[in-house]
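# Coordinates in review
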Amino acid sequence: MPPESIETWVKNGLMDPEMISKRFYKEVVFLTFTEEQHLEIRKKFNSYLSLSEVETYWDEAMFTKYLAENSQYSSILLLKEAAPILFSMMVYLSTFPLTIHKRISEPLTLAYEDLITAMHWLQPDPNDGLDRTKSPTDRRRYIFLSLADISGDFKYNQSEEMEISARKAFQVDDHSRNWACVNFDEKGDEMYHDVLDLISSDRMQYVQPPWGPYRKEEFVGLATHLISPTRLRQLAISRVRFKVLVKFLLAEYLNDGKAEISMNLQALDTSADSILNSFCYGTDADDIVTWPKFEYNLSENTPCLFTSILRQIENLKRDPDGISNNNYNTYSPENLLTGHILNLATMSQVLFSFGLSIGIEDLNLLFKYERISSSSTCPTIDHFMSLLKFKPEDHWDTKILFIAGTNASNSETVVFGALLRGRNEDEKILEDLDDNDDHRPALFQLIPYHDTFSGIYGKRAMCKTVSKNLCFGEQEMGFSMVLVEGMKTLKILHKITGGGFGSYGATLWRGDWGIEVEIIKVEVWELA
């Protein structure tokens, strides 16, 4: 039985979801923003209210207006479909983790306190004032839950998922690890522990005398009563819904607040489908995104996918006339001409994967080859390798290789490539002394799947084979690409069974496969 005072709190209505949410805002959320940030957010919030001052909240139209005034031209065209999804995401997070108790029959609105609470959950490193240290996986989960629109009995291996969840719960900074703990166990999954963490934390126990603190175990019964009967792994995002959002994120990523860019809608659609093909279990329009696939792809393949919307939300608390400390700032490339493999959509794809450590303000096309006919001339492998090499003093510069063509077995368009940096004179992959994984070389696929294959420290990034081909990786181990002499064929091999570890890791869920690509275009770009 819980202590008598907790029972009294419940009887007096002090542990009703609405009262818990109000207490959470007062004791935790409000205090995570500075006075200057509150002033800036309040000023922007008020600027979108009706002049009649009757409304004290944002509706969807006001939120859409804010997004439109801070988005690229290409993005604005997509807001008609994307804004309702983003607004419902913010409304969900405004009462998280007790969202299930919000009266869904009422029109969706955001009061100032609601907006602040949603912003709190989306902060990069939320110091949420609760007792358990939050990991990056937690924020990705908040985003997933706020987007989920489907529930069902989706199959998963519970013991495997519990093991993955436990490992990721401790992937936090060293100084915070003492407060990390498992949040998926025999008592409940992460959604259960979100509620338990909230109501049992020391700062949330200032309810009425006698004050806590009481042990977390004494709130288990109440947490069980407050949680949703639907569990995290019984939720999913429909492909159609997620594609609308991904297209907006692709278009908006390159927004630097200065340059106006116009993105090709067909290229945008192709890039969005490629990303969705990796997040979903298939390529059909009625496919879904479950939590395990969402977490894997967002953490391993597209860690910067939501950067543009997070930037929009964080800009609410920034003084536009002050010194920018925008951690999400990107640069809009001005020298990307039409007809290249590297267009604005594929550039966003690359940056979704490899992050903002790559500055793209100074792009330089080093090499372009297009096979117009079977008689087209092309460079030798030796000459091509020399284009990809670095001088010892420039080994942390970046070059990106793109190869586009068709799958020889079904004529499907494919795009593969390599991010080249951090190599010594023997072409071995160097370990970054700053421990930044974004700096290691990687191979990637952009079309028709979006996937990345990270380089392994100490392994050779590329080499010339005895048959005078250029090999990225080690054949029969992990992921490898072989550019055949004559530059007419690219051989792809993806191995997860046997052979040990290669130079580039493979993606477990994709299994063993290989294709032969008939090359159409090759490009090498240098990022200064």
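Residues numbered from 1 in each chain as written. Predicted model: local features only at pLDDT ≥ 70, side-chain atom pairs only at ≥ 80, totals over all residues. Heavy atoms only, no water.

## Notes on the overall build of the chain
Counting its secondary structure elements, the chain contains 17 helices and 15 strands. A burial count over the chain gives 55% of its 528 residues as buried. Expressed as a percentage of contacts within the chain between residues at least 6 apart in sequence, the contacts between residues at least 24 apart total 71%. Just so you have it, the chain exposes about 24,200 Å², and 51% of that area is on carbon and sulfur atoms. (Helix = DSSP H or I, 4+ residues; strand = E, 2+ residues; numbered from the N terminus. Buried < 20%, exposed > 50% of the residue type's maximum accessible area, 1.4 Å probe, protein only. Contact = heavy atoms within 4.5 Å. Areas by Shrake-Rupley, 256 points an atom, 1.4 Å probe, with all protein chains shown as cover.)

## A closer look at the environment of Met487
With respect to the secondary-structure elements, Met487 resides in the loop between strand E13 (477–483) and strand E14 (489–495). Along the chain, Met487 and Ile381 lie 106 residues apart, while their C-alpha atoms are 8.1 Å from each other. Excluding residues within four positions of it along the chain, Met487 makes contact with Phe367, Tyr369, Cys378, Pro379, Phe384, Ile519 and Val522.

## Focus: the packing of aromatic side chains
The tally for this structure, following the rule as stated, stands at 29 aromatic pairs. Ring geometry for Trp9 versus Tyr214: centroids 5.8 Å apart, planes at 70 degrees, classification edge-to-face. In this pair, Trp9 sits in helix H1 (residues 4–11) while Tyr214 sits in the loop between helix H10 (190–200) and helix H11 (220–226), placing the two residues 205 residues apart along the sequence. The class of Trp9 is buried, set by a relative accessible area of 1%. Its end group placed over the ring of Tyr112, Arg42 keeps NZ or CZ at 3.8 Å from the ring centre. (Phe/Tyr/Trp six-rings, centres within 6.5 Å; stacked < 30°, edge-to-face > 60°. Lys NZ or Arg CZ within 6 Å of the ring centre and 35° of its normal.)

## A closer look at the packing of helix H12 (residues 239–252) against helix H15 (residues 307–314)
At a minimum axis separation of 8 Å, H12 and H15 run at an interaxial angle of 75 degrees. Between H12 and H15, the crossing angle belongs to the class labelled roughly perpendicular. Two secondary-structure elements touch here, H12 through Phe248, Leu249 and Glu252 and H15 through Ser308, Ile309, Arg311 and Gln312. Taken together, the residues that form the contact of H12 with H15 break down as three nonpolar, two polar and two charged. (Axes fitted to C-alpha atoms, helices over the stretch in contact; angles between N-to-C directions. Parallel < 35°, antiparallel > 145°, perpendicular 65-115°, else oblique. Nonpolar A, V, L, I, M, F, W, Y, C, P; charged D, E, K, R; others polar.)

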